[in-house]
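Each chain, written out:
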4 protein chains.
Amino acid sequence: MPDLARVKAALTSQVIETPSWGYGNSGTRFKVFAQQGVPRDPYEKLDDAAQVHAATGVAPVVSLHIPWDRVEDYGALAGHAAERGIRLGAVNSNVFQDDDYKLGSVTHPDPRVRRKALDHLLECVDIMDATGSRDLKLWFADGTNYPGQDDINARQDRLAEALGAVYARLGADQRMLLEYKLFEPAFYTTDVPDWGTAYAHCLKLGPRAQVVVDTGHHAPGVNIEFIVAFLLREGKLGGFDFNSRFYADDDLMAGAADPFQLFRILHEVAKNGGFAPETGVAFLLDQCHNIEAKIPAVIRSVMNVQEATAKALLVDLDALRAAQGSGDVLAANAVLMDAYNTDVRPLLAEVRQEQGLNPDPVAAYRATGWQERIVAERVGGTQAGWGA
Amino acid sequence: MPDLARVKAALTSQVIETPSWGYGNSGTRFKVFAQQGVPRDPYEKLDDAAQVHAATGVAPVVSLHIPWDRVEDYGALAGHAAERGIRLGAVNSNVFQDDDYKLGSVTHPDPRVRRKALDHLLECVDIMDATGSRDLKLWFADGTNYPGQDDINARQDRLAEALGAVYARLGADQRMLLEYKLFEPAFYTTDVPDWGTAYAHCLKLGPRAQVVVDTGHHAPGVNIEFIVAFLLREGKLGGFDFNSRFYADDDLMAGAADPFQLFRILHEVAKNGGFAPETGVAFLLDQCHNIEAKIPAVIRSVMNVQEATAKALLVDLDALRAAQGSGDVLAANAVLMDAYNTDVRPLLAEVRQEQGLNPDPVAAYRATGWQERIVAERVGGTQAGWGA
Amino acid sequence: MPDLARVKAALTSQVIETPSWGYGNSGTRFKVFAQQGVPRDPYEKLDDAAQVHAATGVAPVVSLHIPWDRVEDYGALAGHAAERGIRLGAVNSNVFQDDDYKLGSVTHPDPRVRRKALDHLLECVDIMDATGSRDLKLWFADGTNYPGQDDINARQDRLAEALGAVYARLGADQRMLLEYKLFEPAFYTTDVPDWGTAYAHCLKLGPRAQVVVDTGHHAPGVNIEFIVAFLLREGKLGGFDFNSRFYADDDLMAGAADPFQLFRILHEVAKNGGFAPETGVAFLLDQCHNIEAKIPAVIRSVMNVQEATAKALLVDLDALRAAQGSGDVLAANAVLMDAYNTDVRPLLAEVRQEQGLNPDPVAAYRATGWQERIVAERVGGTQAGWGA
Amino acid sequence: MPDLARVKAALTSQVIETPSWGYGNSGTRFKVFAQQGVPRDPYEKLDDAAQVHAATGVAPVVSLHIPWDRVEDYGALAGHAAERGIRLGAVNSNVFQDDDYKLGSVTHPDPRVRRKALDHLLECVDIMDATGSRDLKLWFADGTNYPGQDDINARQDRLAEALGAVYARLGADQRMLLEYKLFEPAFYTTDVPDWGTAYAHCLKLGPRAQVVVDTGHHAPGVNIEFIVAFLLREGKLGGFDFNSRFYADDDLMAGAADPFQLFRILHEVAKNGGFAPETGVAFLLDQCHNIEAKIPAVIRSVMNVQEATAKALLVDLDALRAAQGSGDVLAANAVLMDAYNTDVRPLLAEVRQEQGLNPDPVAAYRATGWQERIVAERVGGTQAGWGA
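Residues numbered from 1 in each chain as written. Chains lettered and ligands numbered in written order. Predicted model: local features only at pLDDT ≥ 70, side-chain atom pairs only at ≥ 80, totals over all residues. Heavy atoms only, no water.

Caption draft 1: Summary view of the relation of the copies chain A and chain C. Mapping chain A onto chain C calls for a screw motion: a turn of 180 degrees about the axis and a shift of 0.0 Å along it, with 0.0 Å RMSD after fitting. Taken together, these values place the two copies in the relation of a two-fold axis. Among all residues of chain A, the one whose C-alpha sits closest to the rotation axis is A:D343, at a distance of 2.6 Å. Both copies share a contact surface, since 97% of the interface residues of chain A are interface residues in chain C too. (Least-squares fit on C-alpha atoms with pLDDT ≥ 70 in both. Contact = heavy atoms within 4.5 Å.)

And the structure:
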């Protein structure tokens, strides 16, 4: 059986990175439903993120999105975070919201647009220098909508060239995390549609290029934990973007649609050493809260990841390996399910109390009155959203 | 073999309805790429639609979307259309773009919101009275994002109540067309997710309630032509929303992603009498042109539907039935494929010339200089889009 | 909060029907892996099923499959069951394993084949008369592999005719349960591909025709609990075929692939009164154990359904409805998840002990020595499988 | 515009490899429908394959499947082929039809089973030495059905070890082609589920290890032509297994389900030089004819691949690149569609006549009387099928 003290230690030291854009307005192509109290600038996003960390104790890092989180003085932004007990994390580039990018960014047929996109990526590394961020997270909306629209391999060549230029610019302690996505917003080809494409590029770039697994970016039926295990085996798993989906890239709260899948993914992480800080696997949330309250939704997601992690850590690996080795299908499955079927909420409550936290993060947040305060105070200005 | 004169007559009399919103800006949740020359109001949309009809000869009807196409005087709008040789078609309701509709419209838990949504639907029937439209097309974005969020059957009850009230309001020559969609913008449950749900409601409502098949609204692998055939058998096929998809509801140009599927669908229509005007099947386009030029994209889509129709009409039904009856799998398939593999573009060129049209609609449109004119003239104002 | 005594009572009175074919050999098209000790005839299948009931206390009924379970004397078979504390359940017809059925059974273009298939279905009702079975379960492998192969609507006509003849033959206390399936073994069209088709036929047939939901028979992304709720609302849910799938109709143990989905389905059953015996909803397993030990696999599946049922019964419906009514998305979701996250194994252990059973069904079965006995004794003869 | 003489030359020199198992009985897990006249041994399979080549002129190579095609004297088998104007092609291994392989072959937890599987693979190379075959085609049914059943990465280690041993055994002119498949017969994990996994292994093995793309082995929505283009760019496309699918691995005739997709795939082959013999891309059929006549089904598939190839060769690449370079989405798409919409059957009839063949391969085959002859003569013996 797993040693409970080690399980608790692992849970206490877990770091779940929350996304600055998870605190702003978001929606679907049909409608963005604005919410009261939403932040108006990156500083207010950090204020909200600090509330999540205060309630959960495991969310001390915040991902930025450029240009949405562009500020004059990134040192001041980092200081604002530090004052609230949190820090700045990955820098996410954005080369999909300018009219120039209609037919692509770094893969665009026009070299002028490619240059503009590359300059933005290099600017993101400048920002990382200023914020002390380790990770540059690259997601490209690039692709085509119609057969024949552009040449698949010409676009790969352009992509490789841009990635190479960015990789060359990285500092010794910086990494490039390359994200893949099956489709949307491109509907015929996507230039980095699957882990294989991201892996092939990262392999050529070098050790500081790694793959990001967004749990909502796969075709129906694709086994995500297989990919996670394979990338860990190859030393190429840079991190996760956690969220939930029933259909496409629904971007619901992590753990909300298929908690068993989240557990299976984290079981592979645990079994293959991915929770060890030296492997550098980053655990980020990347969600789009369309109808639910923002801060409580992030808290709930953090808790869901925590619960799945706790279950993954409770798997009796010795018993599992013994059953696997003897070819006992039902016994091996039963070992895994025993951990999954355990109610880990009491254990997590204990872990929180030992850290001096309220055992119930939702109640903790409610007790702060923060929600009422931001609704009252954040009046006027422009609410943050996907375009700001 | 099919009689060529009858095929030509059918092609000449075909009516493909184009959507007013297909002429405005549209996009994905990531970005709307604005285009030059896009209409600023419903009148300009009709001007563009008239160009499509002038070039193709088979697109004399335009679907409206309320409130996007709300005007002071619908009689004047109809007159504007008539002056340009076209007419107003289906009225599409919109109960998904108001903050009140965050949790649903006619299925919302709050009766006040339901009332508001119902009032909008009834207003749409008022508009139909004014425009002389036959069809009220209902698509509901209603659904839930999270398990437990709301009660599936309570929402069905509310839906049934609203549909009943609208049905009761319809005039003797008016119809209600109920559209279904698997998902988006709702990601856990959708209140009308499949044809079965739409069919069950229409059956209870009565003969003037019929189902609309949007070709992009199904789960992967669902056989759309089966649904089309089944609904025709039951007298419940009200019409189509044509568009293309590779993944989800991509809303690409009709016939662009799977022209063979479009042919199979129209083969079922042809074989089951669905092209006969008295069946009332409406052939609409419903697309979202994100990156391609609007008017030429509609023209291309109209041509794609025409070509698939021509192939469907060329199927040798006598030979097909003989092969089917004798259980000759390969021969029956070959009969169908013979029609599909035929290049029908010469036939359609002939049909157009016999109508006094340019055999090449794309060239015809280019020759008008319309595109240059609207780019030059439509300066200032607010471009039409999904929110206007 | 749900009353614990009522929850326990519901769990004690639950009836899960196990399939006779679940005890025989099965496999994929690539290979059937035979197992030692597998039954050689229907009597031995009942012996195995009795072990499952002895271990779990909730599996007293066994589904038959004709012709796989054809015997001379069905009264004797029923007596054999009764002596072992179990009884015969639904009769499953089989019109897919004769060379005549290559192009269909009741939908075959040749009336001779249709007659043969219909005669088999009527024979199944004769068997029901002899066994006292209430339910005739109809699954048709009928469909086509190639576009054009046969006429979709002609096949619907033939299907309707056969169903009508069978319905007319049913006794007053007998039901017809019509199953749908997206695909396999037919790969282009399936004659009953979805719940809508099954529902439409059942509606025309009358109240004793109802729909069966097999949890493995849907397209990716289809929300099964929506269908379950809708059919319950319409009084048309006849029962379930439980099994698990990651991809297609994988026929894995119930609850193995997505236990949260199984819970959501049973939550709809619980909320809409489907556990009440008078609704007549049948809870069957329908699985294909390719690599795991048969009897323990059935026990595990029964336990998985029990656990999901217990969680569904523990949902605090008052709290849920309050949160739903107030539009509190996160609170409503949390009520549901509270029940799901509960470890119900102690409760079920208690329920078993109160019934005089071993709290651990797997251990109970192992203690009987049955497995060793059948391996030793069932030597020679022909092992039961999908063709026998 | 493409030069017609070059197009004809390319069509004349095309080589489509047909599978020996395509001439035997096959089916689904539900039923194998035997056909009259089916071969009883590998020699008779070659006789049938020779008929396909005689009718089409482009199918001179036959893939073998070991052990299904095991014979005493492979030299004699090769001579039998040569006498009929054809030759032996790829050797396909089979490590999935022995009871030992229930939990895997080269990835099995038991080293004894792994050794047995490896020995079979090495035997296949021995056979290649005897037949003069260039390609060893490896498909592994290996995987797991239940979460926890076995360790994903331990299985990868075992797989890598076996592949390395086989690669080391290959002669200088021999290749290893590694096939991937999403699922079936394994339903939870598959050890080579996607092109990324196959690519990563082939990259480590060396230049003579390449990836095979089976058009039926992907998740819904996966863009196969992207994979084809990418593998060609990396020099890692070894060949194709052509067949059609609507849902899963349906193994229907090539080009039957989505002819536009087949065209798009072959367009990438043409554009990226994949038809040049020196690239070594192999074009195989891999189908499972459940209900249609075997030899005519292979002929139809060969013709479908020919027609898609002809359309791909007719794409005006200069015009395409010009439109792509200028970002004209609709023009670029139109160039591609012009080729696709062309009826290439007259061109192919011409090509056949220039080779001295009947312009209509189906009629050519019928005129031989071969079908009647094999039905009359192949009486008694055991028909070839997936297990023989």
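Caption draft 2: Structural detail: the environment of A:E123. Residue and element names in this part refer to chain A. Residue placement: E123 occurs in helix 4 (residues 111–131). Using a relative accessible area of 24% as the deciding quantity, one classes E123 as partly exposed. For the pair E123 and A198, spaced 75 residues apart in sequence, the C-alpha separation works out to 22 Å. Apart from the residues within four sequence positions on either side, E123 is in contact with I66 and R70. (Helix = DSSP H or I, 4+ residues; strand = E, 2+ residues; numbered from the N terminus. Buried < 20%, exposed > 50% of the residue type's maximum accessible area, 1.4 Å probe, protein only.)

Caption draft 3: Region of the structure containing the packing of helix 2 (residues 42–56) of chain C against helix 13 (residues 361–368) of chain C. Residue and element names in this part refer to chain C. Between helix 2 and helix 13, whose axes approach to 8 Å, the crossing angle comes to 130 degrees. Compared by their axis directions, helix 2 and helix 13 come out oblique. Crossing geometry of helix 2 relative to helix 13 is assigned as right-handed. In contact with Q51, A55 and T56 of helix 2, helix 13 contributes P361, A364, Y365 and T368. (Axes fitted to C-alpha atoms, helices over the stretch in contact; angles between N-to-C directions. Parallel < 35°, antiparallel > 145°, perpendicular 65-115°, else oblique. Left-handed = near helix turned anticlockwise from the far one by under 90°.)

Caption draft 4: Looking closely at the interface of chain A and chain C. Counting residues at the interface gives 31 residues for chain A, matched by 30 residues for chain C. Summing both partners gives a buried area of about 2300 Å² for chain A against chain C, and 55% of it is carried by carbon and sulfur. Interface area lost by chain A to chain C is led by A:R300, A:L330 and A:N341, which between them contribute 24%. Counting every contact that joins chain A to chain C gives 2 salt bridges. Among the salt bridges present, the one from C:D338 reaches A:R345, with a minimum N-O distance of 2.9 Å. (Buried area = accessible area lost by both parts, 1.4 Å probe. Salt bridge = Lys/Arg side-chain N within 4 Å of Asp/Glu carboxyl O.)

Caption draft 5: The arrangement of the pairing of strand 2 (residues 61–65) of chain D in detail. Residue and element names in this part refer to chain D. Counting buried positions over the 5 residues of strand 2 gives 5, a clear majority of the element. Neither face of strand 2 is exposed, since V61, S63 and H65 on one face and V62 and L64 on the opposite face are all buried. In this fold, strand 1 (residues 17–19) hands off to helix 2 (residues 42–56), which returns the chain to strand 2; that crossover is right-handed. In terms of strand pairing, strand 2 meets strand 3 (residues 87–92) through 4 bridges, oriented parallel. The residue bridging V61 from the neighbouring strand is R87, located in strand 3. (Right-handed = clockwise from strand over helix to strand, strands pointing away. Pairing = 2+ DSSP bridges.)

Caption draft 6: Geometry of the relation of the copies chain C and chain B. With an RMSD of 0.0 Å, the fit of chain C onto chain B corresponds to turning through 180 degrees and sliding 0.0 Å along the axis. A share of 100% of interface residues in chain C that are also interface residues in chain B marks the association as one of identical surfaces.

Caption draft 7: A look at the interface of chain C and chain B. Contact residues are listed per partner, giving 52 residues for chain C and 52 residues for chain B. In this assembly, chain C packs against chain B so that about 4200 Å² is buried in total across both faces, 59% of it on carbon and sulfur atoms. Among the residues chain C hides against chain B, the three largest losses belong to C:F226, C:R233 and C:Q324. Together they make up 15% of the total. There are 6 salt bridges connecting chain C and chain B. For the salt bridge of C:E234 with B:K204, the shortest nitrogen-to-oxygen distance reads 2.7 Å. The interface formed by chain C and chain B contains 20 residue pairs in polar contact (both at pLDDT 80 or more). (Polar contact = N/O pair within 3.5 Å; in protein donor to acceptor, adjacent residues only side chain to side chain.)

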